[in-house]
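Structural characterization, general
Single-letter residue listing:
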Amino acid sequence: FEDEAATTTTIVRDTPESVGIDSRHLANIETTVERHIAMGTTEGAVVAIVRSDKLVYLEAFGNIEHEGEVMRFDTRFDLASLTKPVATATSVMQLVERGMLRLDEHVSDIIPEFKDYVDPETDETRYVTVGHLMSHTSGLRPYVALERLREDYPTAKHLDKSVMLDYIAHSERLDAPDSVCRYSCLNYILLGEIVERRTGFPLDVYAETNIFQPLGMDNTCFTPDEEYRALCAPTSPWDGEMELRGVVHDPLAREVMGGVSGNAGLFSTAEDLAIYAAMLLNGGEWNGVKILTPTSVEVLFSRPNEAYMRTMAWEQLEAEYPTSVATYNHNGATGTNIVIDRERDMAIIILTNRTHANNKAGDITDLRSSIRAIVTYALTE
């Protein structure tokens, strides 16, 4: 499956003015981030802006860790749920393009042990599809705690992927497929397994070969080595007993899935994510390398059920003046965020390690919204 294109160079950097953004107005980003650092929302942040295939803003603020070294442009972050669109959904759509998978394909046809939904009143079977998993309309539970897995599998010597898959396959379905949109990590854990079953390669190997290497995303990976981990921002609370630095924060990905999971586990930098965002904004191609077809990109941003704001990989933002109606968003629980404004050919990347600050998640929501507004108001064309 390896793309034959040569590894690309880094993304072109230019001034905000070169793409119609007022750099003077962008100075408000620093004020906003520093205010949140002072509030204790996060110890630091890296913010990047992409427009017209160019990286026109890249700034680091605060510290990597509590009372530690200064934040760098190239600090590595635990992306948490940004793993879902960047690695997992992109891999799935490549397989769909190649005829190796269908979005309407039944999950139980790929993973035979998977139990479909049976209507308790009519006894009718409602099949969960790959598309239901991607759009979070499968009816699966949002998550499962490690304690619950230990209780349900008392004879298991270790909690591992086989335990995780067995739980998902047989756990209670909360709703019929496509009747409720419920964000679920279990959906994307299954999608990661589907990629492996259809290709013969684990998700990390497949994504590295078919997405990250071709794009030149050299600082993006699962299960970082010791050298990489030293450059990571920690995600464990600074006053806690356990340190997580370069080790995935999500408990299921860390303790059960061995660091490679469809829902979490990916590490990256702002510049690498800028390349990924530029690829999406350019219809699936960047710097001569085609990762997805334009049709696949449209699918990723499409809402299969107009009643829900979730697309096949992202979330369409509610009308939030002054952002456009074609603005899409995805968050990571560690404090990471990517916003794609397709109407304005622009992406905003906000990377923090808010879990290290041990503060409220709502604070990071305010920070993200403020930065979105600042960037949009800075547009001059």
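Look above for the structure.
Everything quoted here is computed from the prediction, not taken from an experiment.

The next subject is the environment of Thr-137. Residue placement: Thr-137 occurs in the loop between helix H4 (130–134) and helix H5 (146–152). Taking the C-alpha atoms as reference, Thr-137 lies 15 Å from Asn-263; in sequence the two are 126 residues apart. Within the structure, Thr-137 has its side chain in polar contact with the side chain of Ser-135 (distance 3.0 Å).

Now for the packing of aromatic side chains. If you walk through the whole model with that rule in mind, you get three aromatic pairs. For the ring pair Phe-301 and Trp-314, a centre distance of 5.7 Å and an interplane angle of 20° mean the geometry is stacked. Pair noted here: Phe-301 is in the loop between helix H12 (294–300) and strand S9 (315–316) and Trp-314 is in the loop between H12 and S9, with a separation of 13 residues, a long-range link. For the residue pair Phe-301 and Trp-314, the accessibility class agrees, reading buried in each case. Through a chain of ring-to-ring contacts, the aromatic side chains of Phe-301, Trp-314 and Tyr-328 assemble into a single cluster. Cation over ring: Arg-76 sits above Tyr-228, and NZ or CZ is 5.2 Å from the ring centre. The residue whose ring lies beneath Arg-173 is Phe-114, and the NZ or CZ to ring-centre distance is 4.3 Å.

Let's shift gears to the layout of surface pockets. The probe, sized like a water molecule, is rolled over the atoms to show the empty space still left. As a volume, the largest pocket reaches approximately 270 Å³. The wall of the largest pocket is formed by 19 residues, among which Ala-80, Ser-81, Tyr-183, Cys-185 and Ala-333 lie closest to the centre. Per-element tally for the lining of the largest pocket: the top contributor is strand S10 (residues 327–332), with three residues. By residue class, the composition of the lining of the largest pocket is eight nonpolar, seven polar and four charged.

Let us now look at the environment of Pro-120. With respect to the element layout, Pro-120 can be found in the loop between strand S4 (117–118) and strand S5 (125–126). Pro-120 gets classed as exposed once you look at its relative accessible area, which sits at 69%. When the C-alpha atoms of Pro-120 and Val-56 are compared, they prove to be 55 Å apart, with 64 residues separating the residues in sequence.

Attention shifts here to unusual backbone geometry. Its identity is not glycine, yet Thr-223 carries a phi of approximately 40°, on the positive side. Its location among the elements puts Thr-223 in the loop between helix H8 (203–215) and helix H9 (226–229). Residues other than glycine seldom take positive phi values, yet Asn-287 does so here, at roughly 55°. Structurally, the position occupied by Asn-287 is in the loop between strand S7 (285–286) and strand S8 (289–290).

Okay, the sheet that holds strand S1 (residues 44–51) next. With antiparallel pairing, the six strands of this open sheet are ordered in space as S2-S1-S12-S11-S10-S9. Each end of this open sheet is capped by a strand with a single partner; those strands are strand S2 (54–62) and S9. Relative to S10, S9 is paired through two bridges, and the arrangement is antiparallel. In the strand pairing of S10, Glu-315 is matched with Asn-329. Relative to S2, helix H1 (residues 23–39) is tilted by about 30°, and along the sheet it contacts S1 and S2. Where helix H11 (residues 270–281) meets the sheet, it contacts S1, S2, strand S11 (336–341) and strand S12 (346–352), and its direction lies at approximately 155° from that of S12.

Our next topic: the pairing of S10. With respect to burial, S10 is a largely interior element, five of its six residues being buried. In sequence, S10 turns back onto S11 through a hairpin of three residues, with Gly-335 there showing a positive phi of about 120°.

In this section: helix H7 (residues 185–199). One turn of the α-helix equals 3.6 residues, which is why residues spaced by three or four share an orientation. Compared with an ideal rise of 1.5 Å per residue, which puts 15 residues at 21 Å, H7 spans 22 Å between its outermost C-alpha atoms and is within 8% of the ideal. The buried fraction of H7 is high, at 12 of 15 residues. Within H7, burial applies to Cys-185, Leu-186, Asn-187, Tyr-188, Ile-189, Leu-190, Leu-191, Gly-192, Glu-193, Ile-194, Val-195 and Thr-199. Looking at the buried residues of H7, the elements they touch are helix H2 (83–97), helix H3 (107–110), H4, helix H6 (161–170), H8 and helix H10 (251–256). Capping the start of H7 is the job of one residue whose side-chain oxygen sits 3.1 Å from the backbone nitrogen of Leu-186: Ser-184.

Moving on, we come to the pairing of S1. S1 sits mainly inside the fold: eight of its eight residues count as buried. Because side chains alternate across S1, one face comprises the buried residues Gly-44, Val-46, Ala-48 and Val-50, and the other comprises Ala-45, Val-47, Ile-49 and Arg-51, equally buried. Relative to S2, S1 runs antiparallel, the two being bridged by eight bridges. When the bridges of S2 are listed, Val-47 appears paired with Glu-59. Between S1 and S2, which pair antiparallel and follow one another directly, the connecting turn spans two residues, one of which, Ser-52, has a positive phi of 55°. Where S1 meets S12, seven bridges bridge the pair, whose relative direction is antiparallel.

Thresholds, definitions, all that
Residues numbered from 1 in each chain as written. Predicted model: local features only at pLDDT ≥ 70, side-chain atom pairs only at ≥ 80, totals over all residues. Heavy atoms only, no water. Helix = DSSP H or I, 4+ residues; strand = E, 2+ residues; numbered from the N terminus. Polar contact = N/O pair within 3.5 Å; in protein donor to acceptor, adjacent residues only side chain to side chain. Phe/Tyr/Trp six-rings, centres within 6.5 Å; stacked < 30°, edge-to-face > 60°. Buried < 20%, exposed > 50% of the residue type's maximum accessible area, 1.4 Å probe, protein only. Lys NZ or Arg CZ within 6 Å of the ring centre and 35° of its normal. 1 Å grid on protein atoms, 1.4 Å probe; cavity = no way out; pocket = protein on both sides within 12 Å on 5 of 7 lines; lining within 4 Å. Points joined across faces, edges and corners; volume = space filled by probe spheres on them. Nonpolar A, V, L, I, M, F, W, Y, C, P; charged D, E, K, R; others polar. Pairing = 2+ DSSP bridges. Contact = heavy atoms within 4.5 Å. Axes fitted to C-alpha atoms, helices over the stretch in contact; angles between N-to-C directions. Expected span 1.5 Å × (residues − 1).

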